[in-house]
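Chain by chain, the residues:
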Amino acid sequence: MIRMSLVALAVTLAFLAFTNPTENQFRAHVQERAGIGGWLGLKLADLLSTGPRAGIHRENYGIASRFYIGGDGVLPRKDLAWGIAGKFIDIESPQEPAAHR
């Protein structure tokens with residue numbers, strides 16, 4: 001029983017690692033979701049990036065990835081989404097509290 005569980009866990013982890021989305025897949029996701037505005041936003045982030053990498057960055061954790069912009073000079077870092085199993089989970093930015101009257 002334990003051996004079967006370990007095999008199932010290994011297969012699941014291998015599947016997640018194999019389907020871990022890439023930076024190009026995230027760019028396509030943004031363009032599909034946001035259209036021309038998303039494309040322009042990506043190009044602007046690329047232009048404002050001061051490092052050797054493009055404006056979109058990926059932190060790879062093997063079975064999942066976190067995508068963000070900025071954090072390399074001009075733009076402040078902003079986490080955008082998690083990618084796992086070929087899908088993306090957008091990170092909601094906290095809303096500013098409403099002004100009190």
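Our structure's up above, just so we're on the same page.
All values reported here derive from a predicted model rather than from experimental measurement.

What counts and what doesn't
Residues numbered from 1 in each chain as written. Predicted model: local features only at pLDDT ≥ 70, side-chain atom pairs only at ≥ 80, totals over all residues. Heavy atoms only, no water. Pairing = 2+ DSSP bridges. Helix = DSSP H or I, 4+ residues; strand = E, 2+ residues; numbered from the N terminus. Axes fitted to C-alpha atoms, helices over the stretch in contact; angles between N-to-C directions. Core = buried A, V, L, I, M, F, W, Y, C linked by side-chain atoms within 4.5 Å. Buried < 20%, exposed > 50% of the residue type's maximum accessible area, 1.4 Å probe, protein only. Contact = heavy atoms within 4.5 Å. Polar contact = N/O pair within 3.5 Å; in protein donor to acceptor, adjacent residues only side chain to side chain. Salt bridge = Lys/Arg side-chain N within 4 Å of Asp/Glu carboxyl O.

Caption draft 1: Region of interest: the sheet that holds strand 1 (residues 56-60). Read from one edge to the other, the open sheet built from four strands follows the order 1-2-3-4, with strand pairing classed as antiparallel. Among the strands making up the open sheet, the edge pair consists of strand 1 and strand 4 (87-90). Going across the sheet, the axis of each strand differs from the next one's by a mean of 25°, ignoring polarity. In this sheet, strand 3 (residues 78-84) lies alongside strand 2 (residues 65-69) in antiparallel orientation, the contact comprising five bridges. Note that in strand 3 the partner of I69 across the bridge is K78.

Caption draft 2: The nonpolar core, seen in detail. Residues F26, V30, L42, I56, F67, A81 and F88 constitute the largest nonpolar core, which totals seven residues. Considering every element that reaches this core, the biggest residue donor is helix 2 (residues 23-48), with three residues. The contact partners of A81, leaving out residues within four places of it in the chain, are F26, S65, R66, F67, I89, D90 and I91.

Caption draft 3: Structural detail: the side chain of E59. Within the element layout of this structure, E59 appears in strand 1. A polar contact of 2.6 Å, which involves the side chain of E59, links it to the side chain of R66. Within polar-contact distance, the side chain of E59 engages the side chain of R77 at 3.2 Å. Sequence-distant contacts of E59, that is, excluding residues within four places in its chain, are made with A64, S65, R66, Y68 and R77.

Caption draft 4: Quick peek at the pattern of salt bridges. Per the counting criterion, the structure on display carries six salt bridges. Among the ionic pairs, R66 bridges to E59, the shortest N-O distance being 2.6 Å. Ionic pairing is found between R77 and D79, a salt bridge with its closest N-O pair at 3.1 Å. A residue is classified by how much of its surface remains accessible, and R77, at 39% relative accessible area, is partly exposed. The network of salt bridges with common partners includes E59, R66, R77 and D79.

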